[in-house]
Amino acid sequence: MHLIQASGSVTDQAGNHALTFGAAYYHVWMYTNWAGDDMGFNKEATWNPETGAGGNTLASLLIGLPNYADRQLGNSGVNLNSDVMGAFAQDTWKMHHHLTVNYGIRWDYTRPVGEDNNRFSGFDIHTGKWYIAKSHADAPSALPADVVKLDRNQITKSTYTNISPRLGLSWSVRPSTVINAGAGVTFDNWSGAMQAAQNARGGWPAGASQGVSDLNIAGVTSNATAQNPFGSLTNDMSKITTPFSTSTGGSFLDTEWKNPYSWQWNLLVQQQFGKWGLAKVSYVGSSTARVAIQIPQNRYATLGDSSTKPFSGMGQFNTIQSRGHVNYNALQAQYQKSMQGLTFNSAFTWSKNIGVGCSDFWESCNIQNPYDLRSNRSVDSVDVPFVITASAVYQLPFGKGKAFANEGFTSKVVGGWKVNGMLQARSGTVFTPGINQDRAVVGTSSMQRPNVSGSTKGPRTINEWFNTSAYSLPTINTYGNAGRNSLRGPRYTNMDFSLFREFKFLKNYSAEFRAESFNVFNHPNLSNPDSTLEDSNFGKITGTTGSPRRLQFAGTFRF
């Protein structure tokens, strides 16, 4: 990636107003390529199709019966480029010696991401046609049916209304008490745009993505082998004269995609308790709209009825659309204390993060029913309600000027040592119960969930973390009612410790020795349990996360 930037600002002090005006321009260029073959195996190929019991993933691998396969044909490399520019104006107004108000406004513009050879293409769910960029380098002289050229070389359209107001204040209630508050809008002008554009590369006529899934599952697809999982699908690009002549799986960028924006607000109260330390308590919230989510497409509109597939010439695929919404609310508290060789810091967060499918970028979406996104609303994968961190650095009371061993040779040996400890503790992460069968009969088993009845609370042992008997397969032609991210795994706890000292000699030389232990108590942090209903380990925890206790010694020489 290459980045060229130019920015500047000017500030003018006008009485009790500090006015600032500025602007910035960025040009970014990035080459990206993804091409490769992928194949996966699971136990369904070797289980008893009548009972759904037995089966072994390794056995499926050894006899060459895959569950899915993907490959990329042709040219999937692209040279992406974009321009980001913005301007702002703000005023810091000192209304009173106890009150300062900051307000301003910002305008940003992100030019839709382009490609040096305009090799962009994809499927437009709004028109039901395949689109290619206006000047696509590989475009044929005559376009086949249901393929159109856009009126531009970028997939998305320009947005000129990304305006961000900001407001903040700082009020010194008294010397020991300060209240800060703020609110504003922030646009994602960078990562989302570049990431989304990558999904418009590598498609026909530059290349083709081929994917087959649900192989070797009784009642769906059978007799696919590892030697040729794609069956009669050709891998010769010269024979692929239309995007609809081969599997068109993968992810496409929606032509109506827009960059996300977030309303953010906070209120902070800071209190100094003299020798007892400093405490901060705050409320932090945000509401993010136009979030990019990966939505599965071309599933049967009526469960079990293949004739209701919206696009008859297409297989299953995904689109990156700006239809997501995320809310975050948190209570945050901090405490800091310093005294006679001891520095202590601690923080506590109680939060909730809610969305409809994705917690970061769209690849992690878990949408069961694309026709009812609201039913997918739940806590996101990054939701961790309680987080506690604490750290302390303590200079041991030994050596010259200290309470103990402050004279002679002993003072030189045991003096100057410091210890450091850090504690991390948090709630477990959420996960989604799933099934490996197309019970809804929509053409794929991807993202389908089981039914749940009664309480899911279990004994929380490694052999049964949640109540596995509460789950069952949905009846045919129905979606399961288990919620996305409706289960939570074991909590995480870790303690690190270090002992260190700096040795000074001559005039400008020093050395530091450190002895460090990570996970000093060797506390096992359990991973989330198996969440697939048909698995023999369903509900069982079979692994750990993080590392066992590690010891290391380090030295630094300074001159």
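Chemist: I'd like to hear about the overall build of the chain, residue by residue, with values.
Modeler: Looking only at helices and strands, the chain features 3 helices and 34 strands. With the C-alpha coordinates of the chain rotated into their principal frame, the extents come out at 85 × 65 × 50 Å. Here the chain, with 559 residues, has 41% of them falling under the buried criterion. Excluding contacts between residues fewer than 6 apart, the proportion of contacts in the chain whose partners are at least 24 apart in sequence is 69%. Just so you have it, the chain exposes about 28,700 Å², and 55% of that area is on carbon and sulfur atoms.

Chemist: Describe the pattern of salt bridges, and please don't skip the residues or the numbers.
Modeler: Any two side chains of opposite charge can pair, on the condition that their charged atoms come close. For the structure on display, the rule yields 12 salt bridges. K129 is the salt-bridge partner of D146, the closest N and O atoms lying 3.3 Å from each other. Of this pair, D146 sits in the loop between β11 (129–132) and β12 (147–149) while K129 sits in strand β11, and the two are 17 residues apart along the sequence. On the basis of relative accessibility, which here comes to 41%, the residue D146 falls in the partly exposed class. Two residues, R484 and D380, come together in a salt bridge whose shortest N-O distance is 3.4 Å. With a gap of 104 residues between them, R484 in the loop between β28 (471–472) and β29 (487–488) and D380 in the loop between β21 (378–379) and β22 (386–395) connect regions that are remote in the sequence. Classification of D380 by relative accessible area gives buried; the value is 1%. One continuous salt-bridge network, built from bridges that share partners, spans E512, R514 and E516.

Chemist: Can you lay out the nonpolar core for me, pointing to particular residues and giving the numbers?
Modeler: Ranked by internal contacts, the top residues of the largest apolar core, which has 19 residues, are L80, V113, F120, I155, M194, L253 and W257. For this core, the elements supplying multiple residues, two or more each, are β2 (17–32), β7 (78–96) and α2 (191–197). The greatest single-element share of this core, amounting to 4 residues, is contributed by α2. Aside from chain neighbours lying at most four places away, what touches W257 is T156, G192, A193, A196, A292, I320, Q321 and S322. Counting residues in each nonpolar core, the second largest holds 14 residues, with F123, V147, W204 and F317 among its members.

Chemist: How would you explain the sheet that holds strand β15 (residues 207–212) if you had to name every residue and give the values?
Modeler: A sheet is described by the order of its strands in space; here 3 strands give the open sequence β3-β6-β15, paired in antiparallel fashion. Sheet topology places β3 (38–40) and β15 at the edges, where each strand pairs with a single neighbour. Neighbour to neighbour, the strand axes of the sheet diverge by 5° on average, direction disregarded. Looking at chain direction, strand β6 (residues 68–74) and β15 are connected through 6 bridges and run antiparallel. Paired with D70 across the bridge in β15 is G211.

Chemist: An account of the packing of aromatic side chains is requested, with residue identities and associated values reported.
Modeler: In this description, an aromatic ring pair is defined by two values, namely the gap between the centres and the angle between the planes. For the structure on display, the rule yields 26 aromatic pairs. Plain terms: the ring middles of W130 and F244 are 6.4 Å apart, the flat faces sit at 80° to each other, and that makes the pair edge-to-face. Of the two residues, W130 is situated in strand β11 and F244 in the loop between β15 and β16 (251–253); the sequence distance between them amounts to 114 residues. Ring geometry for W130 against F252: centres 5.3 Å apart, planes inclined by 85°, an arrangement best described as edge-to-face. Of this pair, W130 sits in strand β11 while F252 sits in strand β16; the two residues are 122 residues apart in sequence, bridging distant segments of the chain. Note on accessibility: W130 and F252 belong to one class, buried. Among the aromatic residues, those joined into a cluster by ring pairs are F123, W130, F244, F252, F311 and F317. Its guanidinium or amino end placed over the ring of F230, R71 lies 3.9 Å from that ring's centre, counting from NZ or CZ. Above the face of the F500 ring, R514 is positioned so that its terminal group lies 4.6 Å from the ring centre.

What counts, and at which threshold
Residues numbered from 1 in each chain as written. Predicted model: local features only at pLDDT ≥ 70, side-chain atom pairs only at ≥ 80, totals over all residues. Heavy atoms only, no water. Helix = DSSP H or I, 4+ residues; strand = E, 2+ residues; numbered from the N terminus. Buried < 20%, exposed > 50% of the residue type's maximum accessible area, 1.4 Å probe, protein only. Contact = heavy atoms within 4.5 Å. Areas by Shrake-Rupley, 256 points an atom, 1.4 Å probe, with all protein chains shown as cover. Salt bridge = Lys/Arg side-chain N within 4 Å of Asp/Glu carboxyl O. Core = buried A, V, L, I, M, F, W, Y, C linked by side-chain atoms within 4.5 Å. Pairing = 2+ DSSP bridges. Axes fitted to C-alpha atoms, helices over the stretch in contact; angles between N-to-C directions. Phe/Tyr/Trp six-rings, centres within 6.5 Å; stacked < 30°, edge-to-face > 60°. Lys NZ or Arg CZ within 6 Å of the ring centre and 35° of its normal.

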